[in-house]
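Per-entry structural report
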Amino acid sequence: MTTVLKGQSGFLTGSTIKIIAFVLMVLDHVHQMWAHAGAPLWLTMLGRPVFPMFLFLITESFYHTSNRQKLLLRLLIASWIMQFVSLVLGMYLLPNDSIILLNNAFATFFITVLYMLFYEIFKGGVKEKSAKKIAGAIGLALLPILAIIPVMTAAMAEPPNVWLVRILLFLPNAFVLEGGPFMVILGLAFYILRPWRWAQALALLVLSVLQFVIDPASIQWLMVFAIIPIFLYNGEKGKGMKNFFYIGYPLHIWILYIIATLTVG
């Protein structure tokens, strides 16, 4: 069994992929903020591979980290901060009916990493033939799914309890996420299939085709082009940039939103 680690034939480090993904992400969000003003569609088309690229990098981070609980906590706190600031900015400080400020990839990454952890617990239970550990892993895996119930209950109340919904959404669930359940499934597939680069690419291809079949009008299937940087990854982390995404991701969205709101409205 070939392990995807150092010594691969690619020439892109994790840091290089991160920078490429970040640039494409900024272009995508430029379209998001100025779509109502006529921003060209090709900007967001270029951004479709970004989510799979970051999911791939999160997979590598989870595999290599010495403290998985700390990674989970960091993603959860980042999702809380982003949701709170975006809520205040988009609904109270600078409301804009033309732009929906719902971006929070941190929540998606949190749920994805959570399922990676559940998978490891489940695998350990199978290896140890521990019914207790297996049952515990399955029970824990159900929590992000069941977490949607109180959200839906509050949303379907008459009248809908909007504030309760907003509060409940601070705890990420497996359904109300940027990118949706598809991205969580893709991230988990990346992790499970990590020893085989070709299998990771195949998983991305299958989900891209499925995305097209489900919604032919959507351009999300273009995420398939993330296969290119994934195959060119050489297994090297590259330069530090530990907090690059944690700071740059929310900050550039808020800056673009403010500029778009003040200049175009």
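For the structure itself, consult the block above.
Report follows, based on the coordinates. Here the residue numbering is sequential within each chain, running from 1 through the sequence in written order. Where totals are concerned, whole chains, interfaces and linings use all residues; where local detail is concerned, this predicted model gives features only for residues with pLDDT of at least 70, and gives and counts side-chain atom pairs only at 80 or more. Here the side-chain values reflect all heavy atoms present in the structure, with hydrogen atoms and water set aside.

Put simply, buried Ala, Val, Leu, Ile, Met, Phe, Trp, Tyr and Cys residues joined by side-chain atoms within 4.5 Å make one nonpolar core. Whether a residue is buried, partly exposed or exposed follows from its accessible area with a 1.4 Å probe, protein chains only, as a fraction of its type maximum: under 20%, in between, or over 50%, in that order. The biggest cluster of nonpolar side chains holds 65 residues, and the ones touching the most others in it are Met33, Phe54, Leu75, Phe106, Phe109, Leu204 and Tyr249. Put simply, DSSP marks the helices as runs of H or I at least four residues long and the strands as runs of E at least two long, and each gets a number from the N terminus on. Looking at which element gives the most residues to this core, the answer is helix α5 (residues 105-128), with 12 residues. With residues near it in sequence (within four places) discarded, Leu75 still touches Phe106, Phe109, Phe110, Val113 and Tyr246. By definition, residues are in contact when any of their heavy atoms lie within 4.5 Å.

Turning to the packing of aromatic side chains, a few remarks are in order. Aromatic contacts are taken between Phe, Tyr and Trp rings whose centres are within 6.5 Å, Trp giving its six-membered ring; a plane angle under 30 degrees counts as stacked, one over 60 as edge-to-face, and the others as tilted. Evaluated as defined, the whole model comprises 15 aromatic pairs. For the pair Phe51 and Phe109, a centre-to-centre distance of 5.6 Å together with 70 degrees between the ring planes defines the contact as edge-to-face. Of this pair, Phe51 sits in helix α3 (residues 50-64) while Phe109 is found in helix α5, placing the two residues 58 residues apart along the sequence. Accessibility expressed as a relative area gives 13% for Phe51, which makes it buried. Taking the relative accessible area as the measure of exposure, Phe109 reaches 2% and is therefore buried. Here, a charge over a ring is recorded when the distance from Lys NZ or Arg CZ to the ring centre is within 6 Å and its angle to the ring normal is within 35 degrees. A cation over an aromatic ring shows up here: Arg68 above the ring of Phe62, its NZ or CZ 4.2 Å from the ring centre. When the ring centre of Trp163 is taken as reference, the NZ or CZ atom of Arg166 above it lies at 4.9 Å.

Expected span of a helix, by definition, is 1.5 Å for each gap between consecutive residues, and there is one gap fewer than residues. Over its 18 residues, helix α10 (residues 197-214) extends 26 Å from the first C-alpha to the last, a length consistent with the 26 Å expected when each residue adds 1.5 Å. By the burial criterion, the buried members of α10 are Arg197, Ala199, Gln200, Ala201, Ala203, Leu204, Leu207, Ser208 and Gln211.

Looking at where Pro160 falls in the secondary structure, it is placed in the loop between α7 (148-155) and α8 (162-168). Residue Pro160 is classed as partly exposed on the basis of its relative accessible area, which comes to 44%. Distance in space between the C-alpha atoms of Pro160 and Lys133 is 39 Å, their sequence separation being 27 residues. Here Pro160 is in contact with Ala154 and Ala155, once residues within four sequence places are set aside.

Bringing unusual backbone geometry into the picture now. In this chain, Glu158 is followed by Pro159 through a cis amide linkage whose omega measures -5 degrees. Examined against the element boundaries, Pro159 turns out to sit in the loop between α7 and α8.

So, about the pattern of salt bridges. It is possible for side chains bearing opposite charge to pair when their charged atoms get close. Take a side-chain nitrogen of Lys or Arg and a carboxyl oxygen of Asp or Glu: if they are within 4 Å of each other, that pair is a salt bridge. Taken as a whole, this structure holds 4 salt bridges when the rule is applied. One salt bridge connects Lys123 with Glu120, and the closest N-O pair in it is separated by 3.5 Å. Taken as a pair, Lys123 and Glu120 lie in helix α5 at a separation of 3 residues, close to a single helical turn. Ionic pairing is found between Glu128 and Lys133, a salt bridge with its closest N-O pair at 3.1 Å. Given the relative accessible area of 52%, Glu128 is considered exposed. On the basis of relative accessibility, which here comes to 31%, the residue Lys133 falls in the partly exposed class.

Moving on: helix α9 (residues 180-192). With 13 residues, α9 extends 19 Å from end C-alpha to end C-alpha; this agrees with the ideal 18 Å at 1.5 Å per step. All buried positions along α9 are accounted for by Gly180, Met183, Val184, Leu186, Gly187, Ala189, Phe190 and Tyr191.

Right, let's get into the packing of α5 against helix α12 (residues 244-263). Running from N to C, α5 and α12 point in directions that differ by 140 degrees, and their axes come no closer than 11 Å. The angle between the axes of α5 and α12 places the two elements in the oblique class. Where α5 approaches α12, its residues Ala105, Phe106 and Phe109 are matched on the opposing element by Phe245, Tyr246, Tyr249 and Pro250. Helix axes use the C-alpha atoms of the stretch in contact, all axes being lines fitted to C-alpha atoms, and the angles between their N-to-C directions lie in the range 0 to 180 degrees. Small angles under 35 degrees read as roughly parallel and large ones over 145 as roughly antiparallel, with 65 to 115 read as roughly perpendicular and the rest as oblique.

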